[in-house]
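# Inside the fold
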Amino acid sequence: MQKKDLKNLTIEELETLFLGAGKERFRAKQIFKWMYQKGVEDFSLMSNISRGFQHELSETAYISTLHPEAVEVSQDGTRKYLFKLDDGERVESVLIPDEGRNTLCISSQVGCAMGCAFCLTGTFRLTRNLTTAEIVNQVCAVRREADIRNIVLMGMGEPLANLHNVIRALKIIIDPDGLQFSNRRVTVSTSGLVPEMEQLGKAVTVNLAVSLNATTDEMRDRLMPINRRYPLSELMAACRRFPLPSRRMITFEYVLIRDMNDSLEDAKRLVRLISSVPAKVNLIAFNEHEGCSFKAPTQEAIDRMHRFLLDKHITVITRSSRGADISAACGQLKGKLDKKQVEAKEEVENEPHF
Ligand code: SF4
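What comes next concerns the included structure. Computed from a predicted model, the values in this text were never measured in an experiment.

### Thoughts on the packing of aromatic side chains
Throughout the structure, instances matching the rule amount to 4 aromatic pairs. Seen in terms of ring centroids, Phe-18 and Phe-53 are 5.4 Å apart; in terms of plane orientation they differ by 70 degrees. Their pairing is edge-to-face. Within this pair, whereas Phe-18 is found in helix α1 (residues 11–20), its partner Phe-53 is found in helix α3 (residues 51–60), the two being separated by 35 residues in sequence. The exposure class assigned to Phe-18 is buried, which follows from its relative accessible area of 3%. An angle of 10 degrees between the planes, with centres 6.3 Å apart, marks the rings of Tyr-81 and Phe-83 as stacked. For the pair Tyr-81 and Phe-83, a shared accessibility class is recorded, and that class is buried. Positioned above the aromatic ring of Trp-34 is the side chain of Lys-38, whose terminal nitrogen or guanidinium carbon lies 4.3 Å from the ring centre.

Right, here's the structure in full:
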């Protein structure tokens with residue numbers, strides 16, 4: 001029988017499992033606390049569980065963990081963690097410090113199928129979805145060495161294309177017996193999968209960020225192929241329907257790319273587009289990278305867009321390119337390490353055989 005990784009289960013699922021095995025419901029709470037609050041992976045260390053039950057658990061289940069394979073630290077304090085998964089695939093998480101309030105950006109898939117034109121991860125294509133355990137273990141691993149205040153699912157992958165595992169992971173992250181994050185501090189970012197936005201809103205209360213990046217369907221079709229399936233009108237209608245707790249806003253991410261989406265006209269259209277939604281805007285200057293011909297915006301274009309939004313009383317943050325010296329754009333660390341491995345492999349393969 002294959003052993004079950006308990007980190008793939010929400011507390012309700014663990015309760016059901018234990019009740020089905022004739023155990024008490026409260027055992028799930030105990031195990032959750034050991035796993036997520038004390039970071040224990042060994043059943044024999046769970047002192048409030050009887051020896052017999054510890055043995056039963058170790059015969060049928062295990063508790064997975066992740067350890068970073070590499071950590072790159074930027075001059076501004078941004079830390080990139082690269083994790084090697086059991087099947088040899090790799091994902092990354094990024095810890096972004098901000099005056100003591102660290103934000104951890106985690107991945108939900110290996111690669112991504114969405115193919116956004118400005119994104120390096122998109123060029124890796126989708127390899128597979130992460131399991132629930134692989135998503136929560138990124139948080140557990142980084143929390144062993146740093147305080148995390150906010151969590152954003154904005155790393156590799158489209159979280160809503162891995163909806164079931166992402167919902168489970170979110171439930172564990174905000175569970176008072178689990179990782180204990182306030183749902184105000186957890187944000188899921190999507191490129192705009194409309195039906196899944198609705199399912200997410202029904203399943204769990206978290207913040208939503210929408211990667212918008214364009215103000216016309218013509219430009220968004222070019223930058224984000226998902227727009228051909230769910231154009232701006234449908235996306236904005238889904239945003240209006242999203243069940244936001246009172247006084248919360250949807251964050252619209254907007255990557256500024258020189259001469260593509262950074263004009264004053266874009267700024268005006270952006271204001272009109274988001275006017276019917278409680279919204280704030282994150283402006284991000286495009287980070288130039290190998291294999292992509294797009295250019296970073298000028299400082300003037302960034303300032304113009306920022307000022308225009310502010311003048312229209314929209315909350316706007318221009319995110320500086322954090323960790324520019326450690327490959328900050330999404331997916332670049334994985335790209336770099338994978339490239340090194342391919343080169344090393346080629347060197348070995350190209351060695352002359354005598
Ligand atoms: S921006 Fe996000 S959704 Fe688009 S390709 Fe990159 S990881 Fe995927």
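### Side note on helix α2 (residues 26–37)
Under the 1.5 Å per step criterion, the end-to-end length of α2 is 16 Å for 12 residues, consistent within 8% with the ideal 16 Å. The complete set of buried residues in α2 reads Arg-27, Ala-28, Gln-30, Ile-31, Phe-32, Trp-34, Met-35 and Tyr-36. Contacts from the buried residues of α2 go to α1, α3, α4 (132–143) and α5 (163–174). At the C-terminal side of α2, Gly-39 shows a positive phi close to 65 degrees.

### Some details on the side chain of Asp-266
Take Asp-266: it is sitting in helix α10 (residues 264–274). One polar contact links Asp-266 to Thr-215, side chain to side chain, over a distance of 2.8 Å. Of the polar contacts made by the side chain of Asp-266, one reaches the side chain of Arg-269; its length is 3.1 Å. The residues touching Asp-266, leaving out its near neighbours within four places in the chain, are Thr-215, Tyr-254, Met-260, Asn-261 and Met-305.

Reading the values: rules and limits
- Residues numbered from 1 in each chain as written.
- Predicted model: local features only at pLDDT ≥ 70, side-chain atom pairs only at ≥ 80, totals over all residues.
- Heavy atoms only, no water.
- Phe/Tyr/Trp six-rings, centres within 6.5 Å; stacked < 30°, edge-to-face > 60°.
- Helix = DSSP H or I, 4+ residues; strand = E, 2+ residues; numbered from the N terminus.
- Buried < 20%, exposed > 50% of the residue type's maximum accessible area, 1.4 Å probe, protein only.
- Lys NZ or Arg CZ within 6 Å of the ring centre and 35° of its normal.
- Expected span 1.5 Å × (residues − 1).
- Contact = heavy atoms within 4.5 Å.
- Polar contact = N/O pair within 3.5 Å; in protein donor to acceptor, adjacent residues only side chain to side chain.

In short, shape yes, function no, at least from these values alone.
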